[in-house]
Amino acid sequence: MSTPNKDIEKVEVRLKWDPSSQGESPNDLDIIAATYPAEEPYGSPAYLVHFDSRAPDGTITLNRDSRTGQGLGYDEVMTLELDRLSESYTRVIVGVAIQQRDGHKNFDAVENTAVQIREGYDTLAEDDFSTVGASTAAVVAEFVRDASGVWLFHDTVRGFDGDADSFAATMGSRPSGA
């Protein structure tokens, strides 16, 4: 379907943080994307993309993965090619989860966190997780395909508490009160 509206086509989600202090368990943050089919946009995700997976059709890929936050610039980068995503998917949620394998760690315990969502040279959103500091995971973006097939971006930061598995299972649920 053709439309004169400019569509969001290819998005990059970039995440950075500082390494933990010497002797502490590593700060390991992960970008997670979940796709939802048109018939169940708030049900279980059709599939997840994270540190050891990719979209079956190659439209969502994790280009860079870090387990420590060491290095310069952004530590993790995920690309979402929404313009190539099957029309059967109408919603994509992107979140960030802190690995909890060495004890409970929330965003307040990780220094210099930042997430940036970009389309080309345009920054769609930036956040430092300060509003969800007590959380261990957060939804950072929602992309929804409208009736004409155009992808819309909803800037949102919603905190969750729990491990990466429980977050992935519930990250696309309706926000309370919605």
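Here the structure is a predicted model, which is why all the values come from computation and not from measurement.

**Quick notes on the overall build of the protein**
Secondary structure summary: the protein contains one helix and 10 strands in total. Walking the protein from its N terminus toward its C terminus, one meets helices and strands in the order β-β-β-β-β-β-β-β-β-β-α. A compact globule built from 178 residues would reach a C-alpha radius of gyration of about 16 Å, and the protein, at 16 Å, matches this within 12%. Overall size of the protein, expressed as C-alpha extent along the three principal axes, is 55 × 35 × 30 Å. Sorting the 178 residues of the protein into buried and exposed places 48% on the buried side. A fraction of 66% describes how many contacts in the protein between residues 6 or more apart in sequence connect residues 24 or more apart. Of the roughly 9,000 Å² that the protein leaves accessible, carbon and sulfur atoms contribute 45%.

**Quick word on the pattern of salt bridges**
If the charged atoms of two oppositely charged side chains come close together, the side chains can form a pair. One pass over the structure, following the stated rule, counts four salt bridges. Two residues, Glu12 and Arg14, come together in a salt bridge whose shortest N-O distance is 3.6 Å. Here Glu12 falls in the partly exposed class, since its relative accessible area comes to 28%. Residue Arg14 is classed as partly exposed on the basis of its relative accessible area, which comes to 21%.

**Notes on the sheet that holds strand β10 (residues 151-160)**
Two pairing modes exist for strands in a sheet, parallel and antiparallel, and in both the strands are linked by backbone hydrogen bonds. The five strands lie next to each other as β3-β2-β6-β9-β10, forming an open sheet whose pairing is antiparallel. Strands with a single pairing partner mark the edges of an open sheet, and in this sheet they are β3 (47-49) and β10. Sheet twist, expressed as the average angle between the axes of neighbouring strands with direction ignored, equals 20°. Pairing of strand β2 (residues 29-37) with β3 involves three bridges; the strand directions are antiparallel. By the bridge assignment, Ala34 is partnered in β3 with Leu48.

**Notes on the nonpolar core**
Nonpolar side chains in soluble globular proteins tend to end up buried together. Core analysis: the largest hydrophobic core is formed by 35 residues, its most contacted members being Ile60, Leu82, Val92, Val94, Ile117, Phe129 and Phe143. The element best represented in this core is strand β6 (residues 89-98), accounting for five residues. Excluding its chain neighbours within four sequence positions, the residues that come into contact with Leu82 are Ile8, Glu9, Val11, Val92, Phe143 and Trp151. Listed in part, the 11 residues of the second largest apolar core include Ile32, Phe160, Ala164 and Phe167.

**Description of the packing of aromatic side chains**
By the definition in use, this model includes four aromatic pairs. Relative to Tyr89, the ring of Tyr47 has its centre 5.6 Å away and its plane inclined at 85°; by these criteria the two rings are edge-to-face. Taken as a pair, Tyr47 in strand β3 and Tyr89 in strand β6 lie far apart in primary sequence, 42 residues in all. Summarising the burial analysis for this pair, Tyr47 and Tyr89 share the class buried. Look at Phe143 and Phe153: their rings are 5.3 Å apart centre to centre, the planes differ by 40°, and that puts the pair in the tilted class. Linking Phe143 in strand β9 (residues 137-145) with Phe153 in strand β10, this pair joins segments that are 10 residues apart in sequence. The burial state of Phe143 is the same as that of Phe153; both residues are buried.

**Topic: the side chain of Thr61**
Among the structural elements, Thr61 can be located in strand β4 (residues 60-64). In terms of polar contacts, Thr61 uses its side chain to reach the side chain of Asn63, at 3.0 Å. With residues near it in sequence (within four places) discarded, Thr61 still touches Arg54, Val77, Met78 and Thr79.

Calculation notes
Residues numbered from 1 in each chain as written. Predicted model: local features only at pLDDT ≥ 70, side-chain atom pairs only at ≥ 80, totals over all residues. Heavy atoms only, no water. Helix = DSSP H or I, 4+ residues; strand = E, 2+ residues; numbered from the N terminus. Rg over C-alpha atoms; globule rule 2.2 N^0.38 Å. Buried < 20%, exposed > 50% of the residue type's maximum accessible area, 1.4 Å probe, protein only. Contact = heavy atoms within 4.5 Å. Areas by Shrake-Rupley, 256 points an atom, 1.4 Å probe, with all protein chains shown as cover. Salt bridge = Lys/Arg side-chain N within 4 Å of Asp/Glu carboxyl O. Pairing = 2+ DSSP bridges. Axes fitted to C-alpha atoms, helices over the stretch in contact; angles between N-to-C directions. Core = buried A, V, L, I, M, F, W, Y, C linked by side-chain atoms within 4.5 Å. Phe/Tyr/Trp six-rings, centres within 6.5 Å; stacked < 30°, edge-to-face > 60°. Polar contact = N/O pair within 3.5 Å; in protein donor to acceptor, adjacent residues only side chain to side chain.

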